[in-house]
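Below are the chains, spelled out letter by letter.
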Amino acid sequence: MPKAYKLQIKNNDLLQGINSFFQSLLQEKIVDALLLPQETNSRKSILSTLVKDKEQITSANPFVPFLLLNSASLLVKLSKGKTREKIGAVLRSCEIRAAVELIKLKQINPENLILIGVDCLGTYEPAVFKELAQNFSDTAELTRQYLSDAARALPKQLGGKELRLACQACEYPNPANADITINFIGCDTTREIIVQCAEKFDAIDWSKLGLAPAEDISSWKNASKTCLDTRLQSRDKLFQQVAEQTKNLEGFLKDLENCRHCNNCRKECPICYCQECIFDSRIFEHEHDQYIKWAERKGKVRIPTDTLLFHLTRMNHMAVSCVGCGQCTSACPNGLPIAKYFKTIGFKVQEVFGYQAGRSLKEEVPQSTFKEDEFPHVGEPDKKPH
């Protein structure tokens, strides 16, 4: 069981407190480098930074309601080969779950990797966040306003804008499988937050990093449950909407009709890791006269072609490991709501296998295992699979 500590916040400044904590992780050699989100030079956005010098941690903000990309994909680059450097990665729940899947798929080397999870109340789409940021002096001010209702487990709706659909339906406000977790939901973030540390760190004197034992974390647990209950309602409502819309193919095609086949959704998906994709191969490089033949046979042909096949193929490949991070929709230049389909279908597929993407490193991905007693009722029309 992890041990719970409290991090006292000085001068009512949560971000100053968390920056000091991150600096101390480097200073005390808990990690040799930190991958963490920091403010850009314009102070209006956030990007990932890899830091070795603690003095370069000046504007870390893991609480900001913005996720430029799923940083699990960055860990693929940072963990190639063997390294003696201990890399700490500050991640949200969806990023950690994606990292767990990629570790099991042999894409991330977990050796010397320390996962630092952070509670998440949700994020805004990039365009929405950019618009909101113009109303604040910097992302720090925006974040403080956003967290003003954190003690009751619900984010403040900034400017009347809604969170990303993926975040509204996310069942994981608290990170799991992290070595260190930073919990703030239900806390008075102007006074203190909770830091939980895995057993493997029991020998560390956390008081040197400004932590003191936390005797009561019930407010965090209760608020997290409130947050989760709200999200489960949103998730079930989403599933119902998708079921209604996909009673026929036309409902699905309506959401895909503006697909330009740019492949951004594939590129930004943390689980879509293939170095060579069939959709980049010559198989889909059609000769010019092929288009003429299709148009002649059908009367007209949609260009670009193969968009439906592209999305169905991705769903087939990704569903069992989809963590519902929503980056596919966020990356789409035309705002196609494909994340709602991946979320729904991924949930249903994983349910069939009794599997949850990112739940455990010990749980093998279904496509890599064979169970003799799996799907015993396939082919029997009156019986459903377990």
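Scroll up to find the structure.
Residues numbered from 1 in each chain as written. Predicted model: local features only at pLDDT ≥ 70, side-chain atom pairs only at ≥ 80, totals over all residues. Heavy atoms only, no water.

Some details on the environment of Ser 330
Test applied: Under the DSSP-based scheme used, a helix requires at least four consecutive residues in state H or I and a strand at least two consecutive residues in state E, with every element numbered from the N terminus. Partly exposed describes any residue whose relative accessible area lies between the buried limit of under 20% and the exposed limit of over 50%, with all areas from a 1.4 Å probe on protein chains only and scaled to the type maximum.
Tracing the backbone through its elements, the reader meets Ser 330 in helix α12 (residues 327-330). Taking the relative accessible area as the measure of exposure, Ser 330 reaches 16% and is therefore buried.

Remarks on unusual backbone geometry
With an omega of 5°, the peptide bond between Ile 303 and Pro 304 qualifies as cis. By the element assignment, Pro 304 lies in the loop between α10 (288-298) and α11 (307-318). Even without being a glycine, Lys 29 presents a positive backbone phi close to 65°. Residue placement: Lys 29 occurs in the loop between α1 (14-27) and β2 (33-39). Taking the relative accessible area as the measure of exposure, Lys 29 reaches 55% and is therefore exposed. Even without being glycine, Asn 177 reaches a positive phi, approximately 65°. Turning to its location among the elements, Asn 177 is positioned in the loop between α6 (165-168) and β6 (180-183).

So, the packing of aromatic side chains
We count it as follows: Ring pairs are drawn from Phe, Tyr and Trp, using the six-membered ring of Trp, whenever the two centres fall within 6.5 Å, and their geometry is named by plane angle: stacked under 30 degrees, edge-to-face over 60, tilted for the rest.
Going through the model one piece at a time under the given rule, you end up with nine aromatic pairs. Judged by centre distance (4.5 Å) and plane angle (10°), the ring pair of Phe 66 and Phe 129 falls under stacked. Taken together, the residues Phe 66 in the loop between β3 (46-51) and α2 (72-78) and Phe 129 in helix α4 (residues 126-133) connect sequence positions 63 residues apart. We classify Phe 66 as buried; its relative accessible area is 7%. Residue class for Phe 129 comes out buried when judged on its relative accessible area of 1%. A ring pair is formed by Phe 252 and Tyr 341, whose centres lie 4.8 Å apart and whose planes are at 80°; its orientation type is edge-to-face. Residue Phe 252 is found in helix α8 (residues 249-256), and its partner Tyr 341 is found in helix α13 (residues 338-353); the two are separated by 89 residues along the sequence. Of the two residues, Phe 252 and Tyr 341, neither departs from the other in class, the shared state being buried. Of the aromatic side chains, those joined through ring pairs into one cluster are Tyr 5, Phe 201 and Trp 206.

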